[in-house]
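Overview (structure and organization)
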Amino acid sequence: MARMNQYQTVTAEDTVLRDGTIKLHGPEGFAGMRRAGRLAAEILDALVPFVQPGVTTGQIDDLVRQMTLDGGAVPATLGYRGFAHSCCTSLNNVICHGIPGDKVLRDGDIINIDVTPLLDGWHGDSSRMYLVGDVPLKARRLIDVTYECLMLGIEQARPGKRLGDIGAVIQRHAEAHRYGVVREFCGHGLGRLFHDAPEVVHAARAGTGPELRPGMFFTIEPMINLGKAGVKMLDDGWTAVTRDRSLSAQFEHSIGITEDGCEIFTLSPAGLHKPPY
């Protein structure tokens, strides 16, 4: 995690290192992230009619890879630390980093699809939940609250606030509905690096953590469990599931801190921010 109040102003020409500093970007960075973020959002938009009962997670991955390449980008996850796929597909009780394969989507499932196109050196990282067929009300409510958590966190993302303010409002909203907030995984800085400082935790104390400054880029991606917050890692080394086997939901946006607030780089061009689409 980045050391408190350690910042580094960078330009598009600088060599960017994963050195624990919080990078502060200028106009070139914002322009690059807008392009990458829009492509990520367009890919997620295009998946809406495709995510149906009978489709496999591997077919979703194939489509994401083709759309990423067609958009002039490459999937940042493909080959990342040995990960062999172009997106993550996290189904039902999978919290994050679900591996695409032969799993067939069934009526009533919920699934998070996480994409990160790397376009012209910039990472557009975003994920959304999708409903498969007729989904039970308790799952729909979990998804609604998780999206609300994301947007409440984004409301706190402005100069002068601290990272802990984001986590505090997310934790308060989720726990008011008796949901569990995952602690083992968090948001992160990004830009020309896929994962960088700062870490953006989703359960925190208000007024703590690094101060938010214009030019900071990071993701907010709360993972909210229908049951308790406990996490279990599967033997594949990637897939994280709920320890109590309850459902889990997640939404993710990439944002940049501006002079008077923040810019969401990964907004849906078609207005498909959350289901039902």
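Cut-off values and rules
Residues numbered from 1 in each chain as written. Predicted model: local features only at pLDDT ≥ 70, side-chain atom pairs only at ≥ 80, totals over all residues. Heavy atoms only, no water. Buried < 20%, exposed > 50% of the residue type's maximum accessible area, 1.4 Å probe, protein only. Helix = DSSP H or I, 4+ residues; strand = E, 2+ residues; numbered from the N terminus. Pairing = 2+ DSSP bridges. Contact = heavy atoms within 4.5 Å. Polar contact = N/O pair within 3.5 Å; in protein donor to acceptor, adjacent residues only side chain to side chain. Axes fitted to C-alpha atoms, helices over the stretch in contact; angles between N-to-C directions.

**Points about the pairing of strand S18 (residues 253-257)**
Counting buried positions along S18 gives 5 out of 5 residues, so the element sits mostly inside the fold. A two-sided burial pattern is seen for S18, the buried positions comprising His253, Ile255 and Ile257 on one face and Ser254 and Gly256 on the other. Where strand S13 (residues 217-220) lies against S18, 4 bridges are found, and the strand directions are antiparallel. By the bridge assignment for S18, Ile220 is matched with His253. In this structure, the hairpin formed by S18 and strand S19 (residues 262-264) is closed by a connection of 4 residues.

**Digging into the environment of Ser254**
Its location among the elements puts Ser254 in strand S18. When the C-alpha positions of Ser254 and Pro269 are compared, they lie 15 Å apart, and in sequence the two are 15 residues distant. The residues touching Ser254, leaving out its near neighbours within four places in the chain, are Met33, Gly124, Asp125, Leu190, Phe218, Thr219, Glu263, Ile264, Phe265 and Thr266. For Ser254, the side chain forms a polar contact with the main-chain oxygen of Asp125, separated by 2.6 Å.

**So, the sheet that holds strand S16 (residues 240-242)**
On the basis of which strands lie adjacent, the open sheet formed by 3 strands has the order S5-S16-S15 and antiparallel pairing. What marks the edges here is a single partner per strand, and that holds for strand S5 (94-96) and strand S15 (231-233). Direction aside, the axes of adjacent strands within the sheet are offset by 40° on average. Where S5 meets S16, 2 bridges bridge the pair, whose relative direction is antiparallel. Of the residues in S16, the one forming a bridge with Val94 is Val241.

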